[in-house]
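# Inside the fold
Listed below are the residues making up each chain.
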Amino acid sequence: MARTVKGGTDARRERWKGHREARRAEFVEATIRAVARHGPDVGMDEIAAEAGVSKPVLYRHFADKSDLYLAVGRRGTEMLMDKMGPAIEQDGPVRPRIKGIVDAYLSVIEEHPNLYRFVVRKSFTDRPVEQDVVSEDKELIAAALARLLGDYLRAFGMDSGGAEPWAHALVGMVQNAGDWWLDRQSMTRSSLSDYLTTIIWHAIDGLLRSAGVELDPDAPLGADLPVVEDLHEGPRLRVVDVEEA
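All values reported here derive from a predicted model rather than from experimental measurement.

What the protein chain contains, in helices and strands, is 9 helices and 2 strands. In the protein chain, the order of α-helices and β-strands from amino to carboxyl end is α-α-α-α-α-α-α-α-α-β-β. Per-residue burial for the protein chain yields a buried fraction of 42% across its 245 residues. Looking at the protein chain alone, contacts between residues at least 24 apart form 66% of all its contacts between residues at least 6 apart.

So this is what it looks like as C-alpha cells:
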C-alpha cells in the first residue's frame, strides 16, 4: 500500500491554492476589461467571454456575482492607492502637495470611469454585500489625510483634534465633485484640480490664520516647523497677530 507523505500533500495543497489565487486574479482583470468595454452594467456572459472561459468556470472560482464584485472592488482600491499613496506621502510645499493628492484621485476615475461606476453603483451584485468597498476607500484616504493635517496642525502648536472630521469632509467634497465631473465633463481635469486645491488651501490658510500663522503655500516646509526667519532666502512663514491677518 502506498504511503501518503504529509509534506507532499501540503505542497500540493499550497500549489493548488496558489493556482486558484492566480486564476481569480486573472478573472478579476478580465472583469475590469469587460467593464471598460461594456460599461458598469456588464453581465457574466460578457465577463466570461472576455476571460475566454464559460460561466461555470467563473463560478468555480467565485461563490457568486457578489464575490466577484468584491474582488474587483479590492483591485480597484489597490489601483487607487497605487496612485494616491505616493501623492499623500510626498514632501514639499503645501499647495502643490494638495493638488497632487486631488489630481491623483481624479486621474484614476478619469482613466477608469466605468470601473468607478461599477463599484459605486453595486448594481452587479446579486445579494447584499457585507463589505462596503466605497466606504472603505473613503476611510483609507481620510485616515491618510488626517495624519497629514494633524502633522501640520501640531507643527504650529495647534489642536489637531479636528483633523479627522476635517479629512472626512475633504474626501467627501472631492468625491462628490468627481462624480459631478464624470457626468458633466464641462471642464478639464486640471481645471477641476485647481478649483478644488484652491478651496482646500484656503480652508487650511484660514485655520492657520486664526492661530496667528501666515503660511506661504508654495514654499517648502522643513520638519523643524515653525521656521520664522531666514534673512537671505526670505521667510518661509511668519507668525502674525490674528488681528493683523
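Here the focus is the environment of A177. Along the polypeptide, A177 turns up in helix α8 (residues 163–184). Between the C-alpha atom of A177 and that of L196, which follows or precedes it by 19 residues, the distance is 8.5 Å. When near neighbours in sequence (up to four residues on either side) are disregarded, A177 contacts L192 and L196.

Quick reminder: α-helices carry 3.6 residues per turn. Residues three or four places apart thus point the same way. With 23 residues, helix α7 (residues 133–155) extends 33 Å between its outermost C-alpha atoms, agreeing within 8% with the 33 Å of an ideal straight helix rising 1.5 Å per residue. A distance of 3.2 Å separates the backbone nitrogen of V134 from a side-chain oxygen at the start of α7, and that oxygen is part of D132. Directly beyond the C-terminal end of α7, a positive phi value near 70° is found at G157.

In this section: the packing of aromatic side chains. Under the criterion given, the structure shown has 2 aromatic pairs. On the basis of an interplanar angle of 50° and a centroid distance of 5.9 Å, the ring pair of Y69 and F118 is categorised as tilted. Here Y69, found in helix α4 (residues 65–89), pairs with F118, found in helix α6 (residues 113–121); they are 49 residues apart in sequence, far enough to count as distant. The two residues Y69 and F118 agree in class, both being buried. With centroids separated by 5.2 Å and ring planes inclined at 45°, the aromatic side chains of F118 and F124 adopt a geometry described as tilted. Like F118, the residue F124 is buried in the burial classification. An aromatic cluster of at least three residues, connected via ring pairs, comprises Y69, F118 and F124.

A separate point is the environment of A49. Here A49 lies in helix α2 (residues 44–51). As a C-alpha pair, A49 and A30 span 19 residues in sequence and 9.0 Å in three-dimensional space.

Conventions adopted
- Within each chain, residues carry numbers counting from 1 in the order of the written sequence.
- Restriction of local features to residues with pLDDT of at least 70 applies here, the model being predicted, together with a cutoff of 80 or more for giving and counting side-chain atom pairs; totals for whole chains, interfaces and linings are based on all residues.
- The side-chain values count all of the structure's non-hydrogen atoms but skip hydrogen atoms and water molecules.
- Runs of E in the DSSP output that reach at least two residues are strands. Runs of H or I that reach at least four are helices, and both are numbered from the N terminus.
- Burial status follows relative accessibility: with a 1.4 Å probe on protein chains alone, a residue under 20% of its type maximum counts as buried, one over 50% as exposed, and anything between as partly exposed.
- We call two residues in contact whenever any of their non-hydrogen atoms come within 4.5 Å of each other.
- Here the expected length of a helix is defined as 1.5 Å per residue gap, with one fewer gap than residues.
- Think of a polar contact as two N or O atoms within 3.5 Å of one another; within protein, one of them needs to be a possible hydrogen donor and the other a possible acceptor, and neighboring residues in sequence only count if both atoms come from side chains.
- Each aromatic pair joins two rings of Phe, Tyr and Trp (for Trp, the six-membered one) with centres within 6.5 Å, and gets the label stacked for planes under 30 degrees apart, edge-to-face for over 60, and tilted for any other angle.

From the geometry alone we can't say anything about function, so treat these as descriptive.
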